[in-house]
Amino acid sequence: MGYNLTQKIIRSHLVSGTMQRGQEIAIRVDQTLTQDATGTMAYLQFEAMGIPRVKTELSVSYVDHNTLQTGFENADDHRFLQSTAAKFGVYFSRAGNGICHQVHLERFGIPGKTLLGSDSHTPTAGGLGMLAIGVGGLDVAVAMGGGPFHLIMPGVINVRLHGRLAPWATAKDVILEVLRRLTVKGGVGKILEYGGEGIKYLTVPERATITNMGAETGATTSIFPSDEVTRAFLRAQGREEVWVELGPDPDAVYDEVLDIDLSTLEPLVACPHSPDNVKPVREVGPLAVDQVVIGSCTNSSYLDLMKVAAILKGKTVHPNVSLVIAPGSRQVLTMLAQNGALADLVSAGARILECACGPCIGMGQAPPSGGVSVRTINRNFKGRSGTADARVYLASPETAAATALTGRLTDPRELGTPPVVALPEKFHVDDRMILPPADNPDDVEIVRGPNIKPLPVAGPLPESIEGRVLIKVGDNITTDHIMPAGARVLPLRSNIPAMSEYVFTAVDPSFPRRAREAGGGIIVGGENYGQGSSREHAALVPMYLGVKAVLAKSFARIHRDNLINFGILPLTFIEPADYDRLERDDVLQIDGLHRALREGAELEVKNVTRGFTIKARAQLTPRQVEIILAGGLLNYTRRARA
Ligand code: F3S
């Protein structure tokens, strides 16, 4: 029996375990990436481990999230990150150089290597044939220290692409179709491995759009084979020497198969407020649009923006629309400037932003009250845009550009013949904004401004926990609900006491005060608790407020791992209907934790307030049990090194 591509890469990196679906395995990590919003914590955690230099083949620290500098906080963080990178042996991609995933694809990704990134869209590099997984910063810190990455061996879905995209149908429409079919939960515990004869018509940036947004299905990652298309991209980046051919064996076996006929796809849009609420553009509307945002790690490549420029050339943005464009990287922006496309965008009325995440993470460009924003980004959760009652629609750059011209959500097929844009023979390569690590790390002093506060660390898990239900939330609660982003909160990422004022405030403004008064407690959640971004602050800050456990119907993978990493017990209801029997302020008590966790036994959760008992399970691997008992991964790792 042959191996699929996923199994081949895992097999060549396997440190422990067998590749049996559902079993815990550990893999060697070749490369890591961090971005600034998760990076400050990751480097504080790395420092706390007492390891002088990273042990990976390559680690990169990017600055792309908090680039607005309306106060000292972000600028202080950038200096901290630059100095830690120099000292710890990490490449530093400066603010302005671009979005981590776009730059990593261009300058660092290598087919067949493993990449661990403290950003949920790390799977973007799967477009280049990497096994690229998004995790919390603490997992990245451990990997930088040479530790393997532990995960449950996922199932592999073979997504077979047939035929060829019709005019105006795009890679974005491919992944929106996958989301329509799988939903935001359908990929949990799985890897999406693309194949079929249709892949040869998709360039690496197009493949990267698809693997990027695979994260929205909850999948561990997504991956394409490395073929002649990959080679051409790397050659154009001046990096052909890192190319290797990689694909599944002819008799590879998969857990599931998903067939998509590319020729039947049409322009699609994800309607508010979930990336799986997907409909054909022609079926939505008429819908007046206030804002169009083109950019983000999903759709900001040279090819994307060249098509947008061709659509806008010689035309004018509709008077009721604000069109903002954030190029994915300095390479992209420089090339647009050199070939005149930037002039076409500006002349049409586009507002050009810096090469960064920007509006995608709510850093500026919030839409008007009650406004409609059409965006090429990957998430449209309520409030993420910075305007609580805005409605965000996710679409391809082509649909977004057509919409910017008409002022209403527009099927780009109305525009006639699509522009033809080819991958350039040579990209503009200039790595001067990527600083290599210092040769003499002892000479580097880490710069800590007042926004860099000490790292909070949990204590070991006690034998019993008793606590009030601090909040009871519904299904599909995102990490944005738990720990909001946006211009007010993001700059506080390295200042946990200040951040704790914002936990759950999008859902219940009194949460931080009540959690503090109660000295911590327990959270009750519905299905898919913690979906969305990898932000470990959604676990770290509740831990700081004294949250001991989250009792939910089910969890999103990265968030569940983050809870464990910070010593918060993730529990699931054995009877999901018991969710209805719990109310806010009920006092819950769980005894005999240590033995029950070690034996994998069911836990009895006493509702002290109402006088009944329900059952829950933790479903932890033996290693996760030890992490929880130690009070989190940092304590566990330090103990293992001692
Ligand atoms: Fe940045 Fe948005 Fe991607 S925040 S990394 S552009 S999902």
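What counts and how
Residues numbered from 1 in each chain as written. Predicted model: local features only at pLDDT ≥ 70, side-chain atom pairs only at ≥ 80, totals over all residues. Heavy atoms only, no water. Helix = DSSP H or I, 4+ residues; strand = E, 2+ residues; numbered from the N terminus. Rg over C-alpha atoms; globule rule 2.2 N^0.38 Å. Buried < 20%, exposed > 50% of the residue type's maximum accessible area, 1.4 Å probe, protein only. Contact = heavy atoms within 4.5 Å. Areas by Shrake-Rupley, 256 points an atom, 1.4 Å probe, with all protein chains shown as cover. Polar contact = N/O pair within 3.5 Å; in protein donor to acceptor, adjacent residues only side chain to side chain. Pairing = 2+ DSSP bridges. Axes fitted to C-alpha atoms, helices over the stretch in contact; angles between N-to-C directions. Near = heavy atom within 4 Å. Domains from an automatic or database assignment. Lys, Arg positive; Asp, Glu negative; His and termini not counted. Salt bridge = Lys/Arg side-chain N within 4 Å of Asp/Glu carboxyl O. Buried area = accessible area lost by both parts, 1.4 Å probe. Nonpolar A, V, L, I, M, F, W, Y, C, P; charged D, E, K, R; others polar.

(A) Highlighting the overall build of the chain. Counting its regular elements, the chain contains 20 helices and 27 strands. In summary, the chain has a C-alpha radius of gyration of 23 Å against a globular reference of 26 Å for 642 residues, a match within 12%. The principal-axis extent of the C-alpha atoms belonging to the chain is close to 70 × 55 × 55 Å. Counting the 642 residues in the chain, one finds 65% classified as buried. For the chain, the proportion of contacts with a sequence separation of at least 24, taken over those separated by at least 6, is 77%. Accessible surface, the chain as shown: approximately 22,100 Å² in total, 49% of it carbon and sulfur.

(B) The arrangement of helix H20 (residues 633-641) in detail. Leu633, Leu634, Asn635 and Thr637 are the residues of H20 that are buried. Of the surrounding secondary structure, the elements contacted by the buried residues of H20 are helix H2 (36-48), helix H5 (137-144), helix H17 (557-565) and helix H19 (622-630).

(C) Region of interest: the environment of Ser500. Relative to the assigned elements, Ser500 resides in the loop between helix H14 (496-499) and helix H15 (511-518). A sequence separation of 44 residues divides Ser500 from Tyr544, and the C-alpha atoms of the two residues are 7.6 Å apart. Ser500 has contacts with Pro512, Arg516, Val541, Tyr544 and Leu545, leaving out every residue within four places of it along the chain. Of note is the side chain of Ser500, whose polar atom sits 2.7 Å from the backbone oxygen of Pro497. Side chain to side chain, Ser500 and Arg516 meet in a polar contact 2.6 Å long.

(D) Examining the sheet that holds strand S10 (residues 190-195) more closely. As summarised here, the arrangement of the four strands in space is S11-S10-S9-S12, forming an open sheet in which the pairing is parallel. The open sheet has two free edges, formed respectively by strand S11 (221-223) and strand S12 (256-261), since each of these has just one partner strand. Strand-to-strand twist of the sheet, defined as the mean angle between neighbouring strand axes without regard to direction, takes the value 20°. Pairing analysis gives six bridges linking strand S9 (residues 155-162) to S10, with the strands arranged parallel. Paired with Gly155 across the bridge in S10 is Lys190. Strands S9, S10 and S12 of the sheet are contacted by helix H6 (residues 171-182), whose axis makes an angle of about 135° with S12.

(E) Molecular detail of the site of the ligand. In the vicinity of the ligand, the contacting residues are His65, His101, Asp119, His121, Ser296, Cys297, Cys357, Cys360, Ile361, Asn378 and Arg384. Among the domains, domain 1 (5-262) and domain 2 (284-412) are the pair contributing at least three residues each to the shell around the ligand.

(F) Structural view of the sheet that holds strand S8 (residues 149-152). Read from one edge to the other, the open sheet built from three strands follows the order S1-S2-S8, with strand pairing classed as antiparallel. The outermost strands of the open sheet, each flanked by one partner alone, are strand S1 (14-16) and S8. Taken pair by pair, the neighbouring strands of this sheet meet at an average axis angle of 40°, ignoring direction. Pairing between S1 and strand S2 (residues 24-27): two bridges, direction antiparallel.

(G) Geometry of the pairing of strand S6 (residues 114-117). Side chains Thr114 and Leu116 project from S6 onto one buried face, and the interleaved Leu115 and Gly117 project onto a second face that is buried too. Where strand S3 (residues 31-35) and S6 come together, three bridges link them in parallel fashion. By the bridge assignment for S6, Gln31 is matched with Leu115. Relative to strand S7 (residues 131-134), S6 is paired through four bridges, and the arrangement is parallel. Residue pairing across strands places Thr114 opposite Leu131, the latter belonging to S7.

(H) Here's a closer look at the pairing of strand S18 (residues 372-375). Of the two faces of S18, the one holding Val372 and Val374 and the one holding Ser373 and Arg375 are both buried throughout. Bridge analysis of S18 against strand S19 (residues 391-394) gives four bridges, and the strand direction is parallel. Each bridged residue has a counterpart across the sheet, and for Val374 the counterpart in S19 is Tyr393.

(I) The arrangement of the side chain of Asp77 in detail. Take Asp77: it is sitting in helix H3 (residues 72-88). For the buried Asp77, which has no salt bridge, the nearest side chain bearing the opposite charge is Arg493, at an N-O separation of 8.6 Å. Residues contacting Asp77, with those up to four places away along its chain left out, are Thr40, Asn451, Ile452, Pro491 and Ser494.

(J) A look at the domain arrangement of the chain. In terms of domain boundaries, the chain breaks down into domain 1 (5-262), domain 2 (284-412) and domain 3 (465-641). For domain 2 and domain 3, the distance between their C-alpha centroids amounts to 37 Å. If you look at the interface, domain 2 gives six residues, while domain 3 gives ten residues. With both chains or domains summed, domain 2 and domain 3 bury close to 650 Å², and 65% of this area falls on carbon and sulfur atoms. Looking at the side of domain 2 facing domain 3, the largest losses of area belong to Ile361, Met363 and Phe381, adding up to 61% of the total buried there. At the boundary of domain 2 with domain 3, the tally comes to one salt bridge. Between Arg384 and Asp480 there is a salt bridge; the shortest N-O distance is 3.2 Å. Applying the counting criterion to the domain 2 and domain 3 interface returns four residue pairs in polar contact (both at pLDDT 80 or more). Broken down by class, the residue content of the side of domain 2 that touches domain 3 amounts to three nonpolar, one polar and two charged.

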